[in-house]
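What the coordinates show
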Amino acid sequence: MSIREVARQSGVSVSTVSRVFNGYDDVSAATRERVLETARQLDYVPTAAARTLVKRRSQLLGVVLFTGYWHPDIHHPFFQEVLVGLKHGVGELGYDLLLFATEQPDGRRPDPYLRRARQHRVDGIVLMGLEPRDPEVQKIVDSPIPVMGVDLDITGNRTSFVSSDNVGGARLAVRHLHSLGHTRIATISGPLRTKPGADRSLGYRAEMRALGLDAPAEHEVEGDFYTESGEEAMRSLLSPRERPTAVFAASDLMALGAIKAAQAAKLRVPEDIAVVGFDDIQLAEHVSPSLTTIRQDKVGIGLAAGKALVEQIENPNVTPPVLTLPVELVVRASCGGRAAAD
């Protein structure tokens, strides 16, 4: 069904139908309603391409999500919930999402993200899981396209980011373990090249210093936020002569891997070694022992990122905000009381 048929059956010109669908206010209420009713009866929907040409806005936001070729991006619970919040946040404002592919069948790197953003005429871009020093990321930041990072500390004239209070959350975890009597507290950090990995490690060290506790180098092991690295890190932590009595893992998946390794070593959690995670994924309360963790509002991160990005698009003179969302401690079984070793 074409716009010409809508115009013919409405008794108006094609340009009037176009003005109705593009929100111009110089069309009378009666004409507007007649055109819209005719369009409903004919099941006519204006094409996105046509509306983009008229309004110079596609109502489309690009999403670049990349966490390395060795992990399926969308499988991680954190990214799943952020995407849910992002979808709801921009959907309420009349925008759609376009998820960019980050792999090619022949193994080549995909076309540069900025070029693809221009090809699809997206109004803004959300970046997740990328390296801030990646030259392709810098090209996007330097472009006039509004950009919002998630856990990605990027800055520019039309660029900002949103994250949880990672430093404060890590300090909260260490403080809680200390309140239970633990003094030998180790950490399994996320990748230190990432903002959440670096910030949670910073928070761990800051709170250990504040409490007057030693944090030997062998009690800090770097992981990658996924289960296997948590398991491997815990095996490493159990080897020193004075093994830790508690472990703060910078993600719930690493915490679950750590618990698996501890149990394989015939240690009881939490009686022999306590474990605290970070994220509060849905699985955390259903495992045994249930996981004590730092809850971050993952859906809220997506909502905040989407709404802040749309605000930049629709109000170009607004200074992009840097957003930090609060976190909270959720106490379950895996931290227990005073460890048996103490």
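Structure's up top.
Residues numbered from 1 in each chain as written. Predicted model: local features only at pLDDT ≥ 70, side-chain atom pairs only at ≥ 80, totals over all residues. Heavy atoms only, no water.

Bringing the overall build of the chain into the picture now. Scanning the chain from N- to C-terminus turns up twelve helices and twelve strands. Oriented by its inertia axes, the alpha-carbon framework of the chain measures out at about 85 × 40 × 35 Å. Across the 342 residues that make up the chain, the buried fraction comes to 52%. About 16,100 Å² of surface is accessible on the chain, with carbon and sulfur atoms providing 50% of the total. In the chain, 39 positive and 43 negative side-chain charges are present, and the distance between their average locations comes to 4 Å. (Helix = DSSP H or I, 4+ residues; strand = E, 2+ residues; numbered from the N terminus. Buried < 20%, exposed > 50% of the residue type's maximum accessible area, 1.4 Å probe, protein only. Areas by Shrake-Rupley, 256 points an atom, 1.4 Å probe, with all protein chains shown as cover. Lys, Arg positive; Asp, Glu negative; His and termini not counted. Charge placed at Lys NZ, Arg CZ, Asp CG, Glu CD.)

A full pass over the atoms with the stated rule returns two aromatic pairs. Geometrically, the ring pair formed by F78 and F79 is edge-to-face, given 5.3 Å between the ring centres and 75 degrees between the ring planes. F79 carries the same exposure label as F78, and that label is buried. Between F248 and F278, the aromatic rings sit 6.4 Å apart at their centres with planes inclined by 55 degrees, giving tilted as the arrangement. With F248 in strand β8 (residues 246-249) and F278 in strand β9 (residues 274-279), this residue pair connects regions lying 30 residues apart in the sequence. Like F278, F248 is buried. A cation over an aromatic ring shows up here: R200 above the ring of F278, its NZ or CZ 3.8 Å from the ring centre. (Phe/Tyr/Trp six-rings, centres within 6.5 Å; stacked < 30°, edge-to-face > 60°. Lys NZ or Arg CZ within 6 Å of the ring centre and 35° of its normal.)

I188, M234, V247, I273, V275 and L291 are the most contacted members of the largest nonpolar core, which totals 27 residues. The set of elements that each furnish at least two residues to this core consists of β6 (185-189), α10 (227-237), β8 and α11 (252-264). The element best represented in this core is α11, accounting for eight residues. Apart from the residues within four sequence positions on either side, I188 is in contact with V221, G223, G230, A233, M234, L237, V247, F248, A249, A250, M254 and A258. Counting 23 residues, the second-largest nonpolar core is a separate cluster that includes V82, A308, L309 and V310. (Core = buried A, V, L, I, M, F, W, Y, C linked by side-chain atoms within 4.5 Å. Contact = heavy atoms within 4.5 Å.)

Another aspect to go through is the pattern of salt bridges. The tally for this structure, following the rule as stated, stands at 18 salt bridges. In this structure, E37 engages R40 in a salt bridge whose closest nitrogen and oxygen atoms are separated by 2.9 Å. One end of the pair, E37, and the other, R40, are both in helix α3 (residues 29-42), three residues apart, so they sit about a helical turn from each other. Note that E231 and K260 form a salt bridge whose closest N and O atoms lie 3.9 Å from each other. Of this pair, E231 sits in helix α10 while K260 sits in helix α11; the two residues are 29 residues apart in sequence, bridging distant segments of the chain. Taken together, the salt bridges that share partners define one network made up of D280, R295, E328 and R332. (Salt bridge = Lys/Arg side-chain N within 4 Å of Asp/Glu carboxyl O.)

Glancing now at the sheet that holds strand β12 (residues 327-330). Spatially, β7-β6-β8-β9-β10-β12 is the arrangement adopted by the six strands of the open sheet, whose pairing is mixed. The open sheet has two free edges, formed respectively by β7 (220-222) and β12, since each of these has just one partner strand. Sheet twist, expressed as the average angle between the axes of neighbouring strands with direction ignored, equals 15 degrees. Alignment of strand β10 (residues 292-296) against β12, held across four bridges, turns out to be antiparallel. Across the sheet, the residue bridging to Q296 is V327, located in β12. Running over the sheet, helix α8 (residues 166-179) touches β6, β8, β9, β10 and β12 and is turned about 160 degrees from β9. Those strands touched by helix α9 (residues 195-210) are β6, β7, β8, β9 and β10, and its axis lies near 170 degrees from that of β6. (Pairing = 2+ DSSP bridges. Axes fitted to C-alpha atoms, helices over the stretch in contact; angles between N-to-C directions.)

In this fold, T293 is placed in strand β10. Non-local contacts of T293, meaning those with residues more than four positions away in its chain, are made with D252, V276, G277, F278, D279, D280, E328, L329, V330 and R332.

Tracing the backbone through its elements, the reader meets P216 in the loop between α9 and β7. Note: C-alpha distance between P216 and I185 (31 residues apart in sequence) is 9.7 Å.

The linkage connecting V269 with the following residue, P270, adopts the cis geometry, with an omega of 15 degrees. For the bond running from S288 to P289, omega is 0 degrees, close enough to zero to count as cis. Positive phi, close to 65 degrees, is recorded for K266, a residue that is not glycine. Considering the arrangement of structural elements, one finds K266 in the loop between α11 and β9.

Interhelical geometry of α10 versus α11 gives an angle of 45 degrees and a closest axis separation of 6 Å. In terms of orientation, α10 lies oblique with respect to α11. For the pair α10 and α11, the sense of crossing is right-handed. Contacts from T227, S229, G230, E231, M234 and R235 of α10 reach α11 at L253, M254, G257, A258, K260, A261 and A262. Residues that form the contact of α10 with α11 fall into these classes: six nonpolar, four polar and three charged. (Parallel < 35°, antiparallel > 145°, perpendicular 65-115°, else oblique. Left-handed = near helix turned anticlockwise from the far one by under 90°. Nonpolar A, V, L, I, M, F, W, Y, C, P; charged D, E, K, R; others polar.)

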